[in-house]
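Listed below are the residues making up each chain.
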Amino acid sequence: MNREALMSGLIACVRPETGYSAERVSSKVVLSSKDHAVGVVLFGHDSDVPRCVVWHGARLVGECQFSGESGWKIFPIVGGKRSPSPLFNIDPIHFLIEEDSGARLLRATAV
């Protein structure tokens, strides 16, 4: 699957009722909510093995790769280091939404 198709698929999976929206800007998918910019999924240029990184605000939170056989693999970045164990069954946009939901929950409990 090529990068453009993957990007279109990620944008299409964002439902308005979630409070999030996504748009393509060059080689990235930008995720926003009603009250703030959430982050980006930035794609590399290699079309043979589509790869991307996930930024939540200014923080790198994941590295991703896609294959037709296994789908998305997301390697979370924890403590500045790439996790050796990938996450399966989640795409980069929903991973970013989960990161944002967790961060909002932490901010709400800190207040």
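This text follows the structure it describes.
This write-up is about the structure you can find in this document. (Residues numbered from 1 in each chain as written. Predicted model: local features only at pLDDT ≥ 70, side-chain atom pairs only at ≥ 80, totals over all residues. Heavy atoms only, no water.)

Side note on the pattern of salt bridges
Thought 1: Applying the stated criterion across every chain yields a total of 4 salt bridges.
Thought 2: Where Glu-4 meets Arg-3, a salt bridge forms, and the shortest distance between an N and an O atom there is 3.6 Å.
Thought 3: Classification of Arg-3 as buried rests on a relative accessible area of 17%.
Thought 4: Linking Arg-24 and Glu-4 is a salt bridge whose minimum nitrogen-to-oxygen distance equals 3.8 Å. Taken together, the positions of Arg-24 in strand β1 (residues 20-25) and Glu-4 in helix α1 (residues 3-12) put the pair 20 residues apart, joining distant regions of the chain.
Thought 5: On the basis of relative accessible area, Arg-24 is assigned to the partly exposed category, the value being 37%. (Salt bridge = Lys/Arg side-chain N within 4 Å of Asp/Glu carboxyl O. Buried < 20%, exposed > 50% of the residue type's maximum accessible area, 1.4 Å probe, protein only. Helix = DSSP H or I, 4+ residues; strand = E, 2+ residues; numbered from the N terminus.)

What about unusual backbone geometry?
Thought 1: Of note in the backbone geometry, Ser-26 takes a positive phi value of approximately 60 degrees without being a glycine.
Thought 2: Overall, the relative accessible area of 61% leaves Ser-26 in the exposed class.
Thought 3: Of note, Asn-89 is a non-glycine position whose phi angle comes to about 60 degrees, a positive value.

As for the environment of Gly-68
Thought 1: Structurally, the position occupied by Gly-68 is in the loop between β5 (59-67) and β6 (71-78).
Thought 2: We classify Gly-68 as exposed; its relative accessible area is 69%.
Thought 3: Along the sequence, Gly-68 and Glu-99 sit 31 residues apart, while their C-alpha atoms lie 25 Å from each other.

Quick word on the environment of Phe-75
Thought 1: By secondary structure assignment, the location of Phe-75 is in strand β6.
Thought 2: According to the relative accessible area criterion, Phe-75 is buried, its value standing at 9%.
Thought 3: Along the chain, Phe-75 and Gly-62 lie 13 residues apart, while their C-alpha atoms are 5.4 Å from each other.

Some words on the state of the cysteines
Thought 1: On inspection of all chains with the given rule, the structure shows 0 disulfides.
Thought 2: For the unlinked cysteine Cys-13, the closest cysteine sulfur is that of Cys-52, found at 12 Å.
Thought 3: The structure places no disulfide on Cys-64, whose sulfur is separated from the nearest cysteine sulfur, that of Cys-52, by 3.5 Å. (Disulfide = S-S within 2.5 Å.)

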